[in-house]
Amino acid sequence: MKDVPVAGTRNFALVGHSGDGKTSLGEALLFEAGALAALGNVTAGTAALTTLPEEKERQGATVGTSVYAFHHAGRHLTLVDTPGDPNFQSDGTLALHALDGAVLVLSAVDGAKVGSERMLRTSQELGLAVLAFVNGMDRERADFDAAVASLAALGAKPVPVAIPVGAGPAFSGVIDLLAMKVVGERGEGEVPAALADRAAAARAQLVEAVAECDDELIEHYLEAGELSEEEMRRGLVAGVRAGRIVPVFAGVATRALGIGPLLRALEELLPSPEEARPWRGRELGGEGERVLEPKPDAPFAALVFKSVIDRYAGLLSVFRVVSGTARPDQGVLDATSGSKLRLGKLLLLRGHDHVEVPEAGPGDVVAVAKLKDVHTGHALAAEKNGVALAPIPIPKGVLSYAIAAKHKGDEDKLFTALARLVEEDPTLHVERDPHTGQFLLTGMGELHIRIAAERLKRMFNLEIDLQRPKIPYRETITRKVENVEGKLKKQTGGKGMFGVCYLSVEPMPRGAGFEFVDEIVGGSIPRNLIPAVEKGVHEALPHGPLAGFPVVDIRVRCIDGKHHPVDSNEMAFKLAGSFGFKAAAEQARPTLLEPVMSVEVAAPDEHMGDVIGHLNSRRGRVQSTDQRGSTSVIKAQVPMAEMLEYASVLTSLTGGKGAFHMAFSHYEEVPAQLRDKIVDEAKAAAAAHS
Ligand SMILES: Nc1nc2c(ncn2[C@@H]2O[C@H](COP(=O)(O)OP(=O)(O)O)[C@@H](O)[C@H]2O)c(=O)[nH]1
Ligand SMILES: [Mg+2]
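Predicted model, so just to flag it, every value in this text is computed and none were measured.

About the thresholds
Residues numbered from 1 in each chain as written. Chains lettered and ligands numbered in written order. Predicted model: local features only at pLDDT ≥ 70, side-chain atom pairs only at ≥ 80, totals over all residues. Heavy atoms only, no water. Near = heavy atom within 4 Å. Polar contact = N/O pair within 3.5 Å; in protein donor to acceptor, adjacent residues only side chain to side chain. Areas by Shrake-Rupley, 256 points an atom, 1.4 Å probe, with all protein chains shown as cover. Helix = DSSP H or I, 4+ residues; strand = E, 2+ residues; numbered from the N terminus. Nonpolar A, V, L, I, M, F, W, Y, C, P; charged D, E, K, R; others polar. Core = buried A, V, L, I, M, F, W, Y, C linked by side-chain atoms within 4.5 Å. Buried < 20%, exposed > 50% of the residue type's maximum accessible area, 1.4 Å probe, protein only. Contact = heavy atoms within 4.5 Å. Donors = N, O, S within 2.8 Å, 3.2 Å for Na, K, Ca; no water. Pairing = 2+ DSSP bridges. Axes fitted to C-alpha atoms, helices over the stretch in contact; angles between N-to-C directions. Expected span 1.5 Å × (residues − 1). Phe/Tyr/Trp six-rings, centres within 6.5 Å; stacked < 30°, edge-to-face > 60°. Lys NZ or Arg CZ within 6 Å of the ring centre and 35° of its normal. Arc of directions from axis to C-beta.

What follows deals with the site of ligand 1. Taken together, the neighbourhood of ligand 1 is formed by 18 residues, with Gly19, Lys22, Thr23, Ser24 and Asp138 sitting nearest. In the environment of ligand 1, an oxygen atom lies 3.1 Å from a nitrogen or oxygen atom belonging to the backbone of Ala253. Burial of ligand 1 by the protein amounts to 80% of the accessible area it has alone, namely 580 Å². Considering each element in turn, the shell around ligand 1 owes the most residues, 3 residues, to helix 1 (residues 22-32). Looking at the shell around ligand 1 residue by residue, the classes come out as 3 nonpolar, 11 polar and 4 charged.

Turning to the nonpolar core, a few remarks are in order. Generally speaking, a soluble globular protein has its nonpolar side chains buried in company with each other. With 113 residues, the main nonpolar core has Leu25 and Leu29 as its most contacted residues. Here this core gets 8 residues from one element, more than from any other, and that element is helix 6 (residues 193-211). When near neighbours in sequence (up to four residues on either side) are disregarded, Leu25 contacts Leu14, Val103, Val105, Phe133, Ala253, Ile259 and Leu262. Within the second largest apolar cluster, 44 residues are counted, among which are Leu418, Val599, Met643 and Val679.

The subject of this paragraph is the coordination of the magnesium ion (ligand 2). Only Thr23 (OG1) and Thr62 (OG1) from the protein reach the magnesium ion (ligand 2) as donors, at distances of 2.0 Å. Taken together, the residues span a long stretch of sequence, with Thr23 in helix 1 and Thr62 in the loop between helix 2 (53-56) and strand 2 (66-72) at a distance of 39 residues. The burial state of Thr23 is the same as that of Thr62; both residues are buried.

On to the sheet that holds strand 12 (residues 280-283). Spatially, 3 strands are ordered 13-12-22 in an open sheet, and the strand pairing comes out antiparallel. Strands at the two margins of the open sheet, each flanked by one partner only, are strand 13 (289-291) and strand 22 (387-389). For this sheet the average axis-to-axis angle between neighbouring strands, irrespective of direction, equals 45 degrees.

With 19 residues, helix 6 ought to run about 27 Å at 1.5 Å a step, and its terminal C-alpha atoms sit 27 Å apart, in line with that. When helix 6 is considered as a whole, its buried residues turn out to be Leu195, Ala199, Ala202, Arg203, Leu206, Val207, Ala209, Val210 and Ala211. Contacts from the buried residues of helix 6 go to strand 6 (158-160), strand 7 (162-165), strand 8 (173-176), helix 7 (215-224) and helix 8 (229-241).

A word on the environment of Leu343. As for its placement among the helices and strands, Leu343 is situated in the loop between strand 17 (340-342) and strand 18 (346-350). Each C-alpha atom, one on Leu343 and one on Ala367, is 9.8 Å from the other, the two residues being 24 residues apart in sequence. Apart from residues no more than four positions distant in its own chain, Leu343 is found in contact with Ala326, Arg327, Pro328, Asp329, Gln330, Val332, Val368 and Leu371.

Here we come to the packing of aromatic side chains. A complete count under the given rule lists 5 aromatic pairs for this structure. With 5.6 Å between their ring centres and 25 degrees between their planes, Phe415 and Phe439 make a pair best called stacked. Within this pair, whereas Phe415 is found in helix 10 (residues 411-424), its partner Phe439 is found in strand 25 (residues 439-443), the two being separated by 24 residues in sequence. What makes Phe415 partly exposed here is its relative accessible area of 48%. The aromatic ring of Trp279 is capped on one face by Arg277, whose charged end is 4.8 Å from the ring centroid. One Lys or Arg, Arg432, reaches over the ring of Phe439 and ends 4.6 Å from the middle of that ring.

What follows concerns helix 14 (residues 608-617). Burial in helix 14 covers these residues: Val611, Ile612, His614 and Leu615. For helix 14, the arc enclosing every buried residue in end-on projection is 160 degrees, short of the 170-degree limit, so these residues lie on one face. In helix 14, the exposed positions angled more than 90 degrees off the buried face are occupied by Gly609 and Ser617. Turning to helix 14, the residues buried within the fold contact strand 32 (590-604), strand 33 (621-628), strand 34 (631-639) and helix 15 (646-654). Remark: Arg619 follows helix 14 within two positions and exhibits a positive phi of approximately 65 degrees.

In structure tokens:
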């Protein structure tokens, strides 16, 4: 199969804002490396990385990660193309948890945008090595320096390693500052005299930035005023892997221009699995933490970062091997669920295609079909001496639609079909609305839900109706209340039930969630029954005192209690906990919280006034306006409730020329006059269905 040692293995994701050219760059890299015979094109529908029918229908807009393994120059590389749209971006975030490097694709016209910032931050937080590619240098108003500056404004330290020759229609290639060669349409050549000064100045900057990455190099640089090519590469490697610099490249993805220097950098600057950030896990059957060794003969450990339904093979689990070697028919453990499994055939992914391989080692990404109960995010481990990696956290959806089968008779099919869909996409969530009994489908945004509906139709021939989205309101308390009694006493006839707890509740900061503090001293509640009180509180949390929305950002202290030697038991204290919590929350002046979204709108200048006026009228707070050519970019925070139909609003405000991105930001208190209306509606809905 891959006959490449771990040291020659690289894996990386293409990340950034939607439409900036990630998928096109992926095609160009595969073409440049000789993995594809022809350069695929996203718009023409010939991209190898566009694998889903839902993507083809949307001019190639990526809605799920796509994995492509290839060989080049003696190395084995795995490229993961990710979606930039906030509806699907979390699919890419999941992948980043399992990879070693990222290429941030930036538009030469607009520079860094919300999607770029979000993915850069995630990559940096996870400790990935990051490179950047300024794409679309052929477009009108392309400005390489401005794009680099926009990256610096995000706090990264960008260092150009390849600079463009010309811009816009005059763009003809790049100068590779490491090799000091021009790379153009007709291959490599010497730097022409006319460009020599610019190239020398850019190289001097590169040398200085690189020297600063390594103490030894800076000394040598200060003495000699120069660094050798070998020293430069060493410094770059150190800087990139430590996350101190972001090397920047430039080009045109759709014409595969400027790709060579980037491909070389991926191979030389990204860390191999041996050099990447260390992976830690918990010893199975023990408590100890262990650092996993990225060696083929170490115990097997892997992380599942994607699940996809394949028409022929069924559900494929895609995982990155962290240590050891995966082989077909090998017994492994799902360390997250605890179940035992047997791996089937190992498949190397190349977009649509799979290639069977006899084994996969550290750093490799492969898929295995029909791993029962293995879900995205789970860690796999060896049965013997296994180490459990922490599972990948699954981002939670923010927008819920009530759904129903369109045709009578399909109701039974609906639940099973939804369950299959959720298997594939863990950021989708299905539940029954406790108020209304309807099915609720929760996702990252309107488009996420609509695509899910399309997939139901395509895969299960099931049509559904989407009803007005539900806003996921929350409740919280606004003041501290001490010593509220929760009591269960049933002592008539037979065996009695007795439990009393005294609870204090207090507000916590937004986003803090829930905390239970056990302050029982002197055995007023027996030790073994205190968890029952906590359980009771937990069970009461989802149904707040105001309108039945989940309660958040609250600390509950259990400060005292009473028990009975015979009649006290778990059930009694659980109910006492529930009752106590409800009573305390009611007294603590409960209020309503609503989700607020971060919104970025791009629209032609002449529509800017209308766009801002509308956002202001919808309780929005405009935070900044920016000029990008003749386009204005407005950043604002707006309550989700006001943004449900924004796609059509923006179309009518701008004659179809506006675009926007929206993602959940935080929860905030609902203004009083609105709160009463929402509470009344929720109560009415609950009454109608009870
Ligand atoms: N002019 C020009 N268009 C590009 C370039 N790269 C991508 N595009 C086009 O921009 C659109 C979005 O590209 P795509 O690769 O799907 O972006 P992604 O959403 O980041 O994956 C497509 O229509 C591409 O053909 C480029 O370098 N120059
Ligand atoms: Mg794409």
